[in-house]
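Structural characterization, general
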Amino acid sequence: MLANWRWLKRQGGAAACGAAIKANGYGLGSGEVMRRLLAAGCRDFFVSNWAEAMALEPLIGEGVSLSVLHGVREEDMAVALASRARPVLCTEGQIARWKEAGGGLCDVMVDTGMNRLGLDWRGDVSAQVAGLEVATLLSHLASADEDVPLSQVQLERFSALRGAVRAARYSLSNSAGICLGAAYAFDMTRPGIALYGGVPRTEAAGRIGQVVFPEAQVLQRRRVRAGDTIGYNATHRAAADMEIAVVNLGYADGYLRGFSGRGSMTVGDRHLPVVGRVSMDLTAVDVSGLPEVAEGDWLGVDYALAEAAAVSGLSQYELLTGLGARFDRIWR
Ligand SMILES: *Cc1c(COP(=O)(O)O)cnc(C)c1O
């Protein structure tokens, strides 16, 4: 993960490189992720909401910023005012609420074409933020993972905002935006998925390394006779006698049914195809010709994110954020 962060930082030139650690650090554990990135020199972190921020509050030391992307709802105010984290104000209502409470340092999100959160770039953003102490003015790219004109359009709109709206820093790029070149970096980038091994664009292929390596344990090894079927709804019929291993991994762990008959697991350098449907807590793989695979053995799950996304029909983001609470998250 730290090698990925360093590569992403280099792509941004002189810009600071922050980290999106929302959704429990994309499923890896936000505390563990933040501690490691802090040690590597990362100083700017982003979560979605105040519950996520509260869990990280003890890690917000001197010179460290934790920004809350959803801003402040009425029911967040007590927590937000007491916290060292700061809101990314997204609406005029949030700005009024923050000013009224004398909230102090904040970030502001401007929408430059995604039509998700943020003040409309066409509005008088400078007037809207008057009276705020803005640490970072942010916008977010909608389609940086594709080659479409919208990214350049958003870049131009954001560049104009930089000239018109006063803030200490300006920030536009997520992981894919970083791959579009240093022109997109401004003062700070905010990668998420690529930190955790996601490959957002071909520029990052071979540069970003896999971070998450799920493993599952063999509960039973069994022989399946020619003509017999495997699993729910009998979707796999054995053409010949075969051997399978049933492992303790299923869709309740985030190994969703898109891997049924398509995913694979590994032992050594051998890839074992998933056979039949993934069930809630169990999945079968073909271990024919591999007598060494036995009850109690651990198998690697093939989970290189770009490839696993293609196999399963899930996005690289879903593959990470879906990983369930039953995994032990072991850092090596
Ligand atoms: C999630 C998020 C990011 C990180 O995006 P990735 O595509 O995971 O790199 C950056 N900025 C904002 C506003 C986000 O919501």
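Cut-offs applied
Residues numbered from 1 in each chain as written. Predicted model: local features only at pLDDT ≥ 70, side-chain atom pairs only at ≥ 80, totals over all residues. Heavy atoms only, no water. UniProt positions renumbered as here; feature names shortened; annotations may be inferred. Helix = DSSP H or I, 4+ residues; strand = E, 2+ residues; numbered from the N terminus. Buried < 20%, exposed > 50% of the residue type's maximum accessible area, 1.4 Å probe, protein only. Contact = heavy atoms within 4.5 Å. Areas by Shrake-Rupley, 256 points an atom, 1.4 Å probe, with all protein chains shown as cover. Lys, Arg positive; Asp, Glu negative; His and termini not counted. Charge placed at Lys NZ, Arg CZ, Asp CG, Glu CD. Domains from an automatic or database assignment. Buried area = accessible area lost by both parts, 1.4 Å probe. Near = heavy atom within 4 Å. Polar contact = N/O pair within 3.5 Å; in protein donor to acceptor, adjacent residues only side chain to side chain. Nonpolar A, V, L, I, M, F, W, Y, C, P; charged D, E, K, R; others polar.

By the naming in an unreviewed UniProt entry, the protein is alanine racemase, taken from Sphingobium fuliginis. If you open the UniProt record of the protein and go to Sequence similarities (unreviewed entry), you find "Belongs to the alanine racemase family." Quoted verbatim from the Catalytic activity (unreviewed entry) field of the UniProt record, the comment on the protein reads "L-alanine = D-alanine".

**Section: the overall build of the protein**
For the protein, the helix and strand inventory stands at eleven helices and 18 strands. Its C-alpha atoms give the protein principal-axis dimensions of roughly 75 × 40 × 35 Å. Taken across its 332 residues, the protein has 50% of its residues classed as buried. Expressed as a percentage of contacts within the protein between residues at least 6 apart in sequence, the contacts between residues at least 24 apart total 60%. For the protein, the accessible surface area stands at approximately 15200 Å², while carbon and sulfur atoms represent 49% of it. Here the protein holds 33 positive side-chain charges and 36 negative ones, and the gap between their average locations is 2 Å.

**Focus: the domain arrangement of the protein**
Taken domain by domain, the protein comprises domain 1 (2–204) and domain 2 (215–321). Between the C-alpha centres of domain 1 and domain 2 the distance comes to 38 Å. Counting residues at the interface gives nine residues for domain 1 and six residues for domain 2. Across the interface of domain 1 and domain 2, roughly 620 Å² is buried in total on both sides, 67% from carbon and sulfur atoms. Per-residue buried area on domain 1 facing domain 2 is highest for Tyr26, Ile193 and Val199; these three make up 61% of the total on that side.

**Re the site of the ligand**
Around the ligand, the structure places 14 residues, and the nearest of them are Lys22, Tyr26, Ser175, Ile193 and Tyr317. Between the ligand and the protein, one listed contact pairs an oxygen atom with a side-chain N or O atom of Tyr26 at 2.5 Å. Note that an oxygen atom of the ligand is positioned 3.3 Å from one of the side-chain N or O atoms of Arg116. Bound to the protein, the ligand loses 93% of the 390 Å² it would expose on its own. Residues that form the shell around the ligand fall into these classes: seven nonpolar, four polar and three charged.

**Considering the environment of Met280**
Examined against the element boundaries, Met280 turns out to sit in the loop between strand S16 (270–273) and strand S17 (283–286). The exposure class of Met280 is partly exposed, given its relative accessible area of 42%. For the pair formed by Met280 and Tyr251, sequence separation is 29 residues and the distance between their alpha carbons is 4.8 Å. Sequence-distant contacts of Met280, defined by excluding residues within four places in its chain, comprise Gly250, Tyr251, Ala252, Asp253 and Arg326.

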